[in-house]
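Tertiary structure, described
As a plain string of letters, each chain reads:
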Amino acid sequence: LIFVLCASCGLSAKDGNITVNLLGEFKTEQRADLPGNATVLDAYAPAGGATAAANLKKARILRRGTGEPETITLNLKSILAGNSPDVPLRNGDTLILDQKFF
């Protein structure tokens, strides 16, 4: 086994994999272990997709590095439809789906 330590995020990855947290309006909130080249769509599938209440147009990636946390807003609905490019994930990222406001 090969262990890689992510000093900036406090998480470790095994064999080149990354760990991503899935929070909010996923059918299953979880911590997912994914391949090192994983994208948002790779993380979306193991969570069983989104609930009907999810705001897919304003998904967020919370990325912690050595400085201030970075928030990346993305249109997951457009990515799922193939109209926008998929976004690569990094070890320690948190993918967040907020609830729609009706």
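Let me begin by describing the structure that accompanies this report. Because the structure is predicted, anything quoted here is derived from the model rather than measured. For every chain, the first residue of the written sequence is number 1, and numbering continues from 1 along that sequence. Note on the predicted model: pLDDT of at least 70 is required for a residue's local features to be given, and 80 or more for side-chain atom pairs to be given and counted; whole-chain, interface and lining totals, by contrast, use all residues. Calculated side-chain values reflect all of the structure's heavy atoms, with hydrogen atoms and water omitted.

**Digging into the pairing of strand β7 (residues 94–97)**
- Partly exposed describes any residue whose relative accessible area lies between the buried limit of under 20% and the exposed limit of over 50%, with all areas from a 1.4 Å probe on protein chains only and scaled to the type maximum. Here a strand is any run of E in DSSP of at least two residues, a helix any run of H or I of at least four, and the numbering for each starts at the N terminus. Burial of the side chains of β7 extends over both faces: T94 and I96 are buried on one face and L95 and L97 on the other.
- In this description, strands pair whenever DSSP reports at least two bridges between them. The pairing of strand β3 (residues 18–24) with β7 spans 4 bridges and is parallel. Across the sheet, residue N21 finds its bridge partner in β7, namely T94.

**Concerning the side chain of T39**
- Of note, T39 is situated in the loop between β4 (30–34) and α1 (40–44).
- Side chain to side chain, T39 and D86 meet in a polar contact 2.4 Å long.
- We call two residues in contact whenever any of their non-hydrogen atoms come within 4.5 Å of each other. Dropping the residues within four chain positions of it, T39 is found in contact with D86, V87, P88 and L89. Under this definition, polar contacts are N or O atom pairs within 3.5 Å; protein pairs additionally need one hydrogen-donor-capable and one acceptor-capable atom, and for neighbouring residues in sequence, both atoms have to be side-chain atoms.

**What about the pairing of β3?**
- Among the 7 residues of β3, 5 are classified as buried, and the element is accordingly described as predominantly covered.
- Bridge analysis of β3 against β4 gives 5 bridges, and the strand direction is antiparallel. Its bridge partner lying in β4, N21 is registered against R31.
- Taking the residues between adjacent antiparallel strands as the criterion, β3 and β4 are bridged by 5 residues.

**A few points about the nonpolar core**
- What is meant by a nonpolar core is a set of buried Ala, Val, Leu, Ile, Met, Phe, Trp, Tyr and Cys residues, joined one to another through side-chain atoms within 4.5 Å. In this structure, L22, L34, L76 and L89 are the most contacted members of the largest nonpolar core, which totals 22 residues.
- Within the residue set of this core, elements represented by two or more residues are β3, β4, α1, β5 (59–63), β6 (70–74), α2 (76–80) and β7.
- Among residues more than four places away in sequence, those in contact with L22 are E29, Q30, A32, A43, A47 and L95.

**Thoughts on the pattern of salt bridges**
- Definition used for salt bridges: Asp or Glu carboxyl oxygen within 4 Å of a side-chain nitrogen of Lys or Arg. Using the criterion set out here, one finds 2 salt bridges in the structure.
- A salt bridge links D98 to R60; the nearest nitrogen and oxygen atoms lie 3.0 Å apart. Of the two residues, D98 is situated in the segment after β7 and R60 in strand β5; the sequence distance between them amounts to 38 residues.
- R60 gets classed as partly exposed once you look at its relative accessible area, which sits at 28%.
- For D93, the salt bridge goes to R63, with nearest N and O atoms at 2.7 Å.

**Overview of the sheet that holds β4**
- Read across the open sheet, the 5 strands follow the order β4-β3-β7-β5-β6; overall the sheet is mixed. Every other strand in the sheet has two partners, leaving β4 and β6 as the edge strands with one partner each. When the angles between neighbouring strand axes are averaged without regard to direction, this sheet yields 25 degrees.
- For β5 and β6, the ladder comprises 5 bridges, and the chain directions are antiparallel. Bridging from a neighbouring strand, L62 pairs with T71 of β6. Under this scheme, a helix contributes an axis fitted over its contacting stretch, all axes are lines through C-alpha atoms, and angles between N-to-C directions fall in the 0 to 180 degree range.

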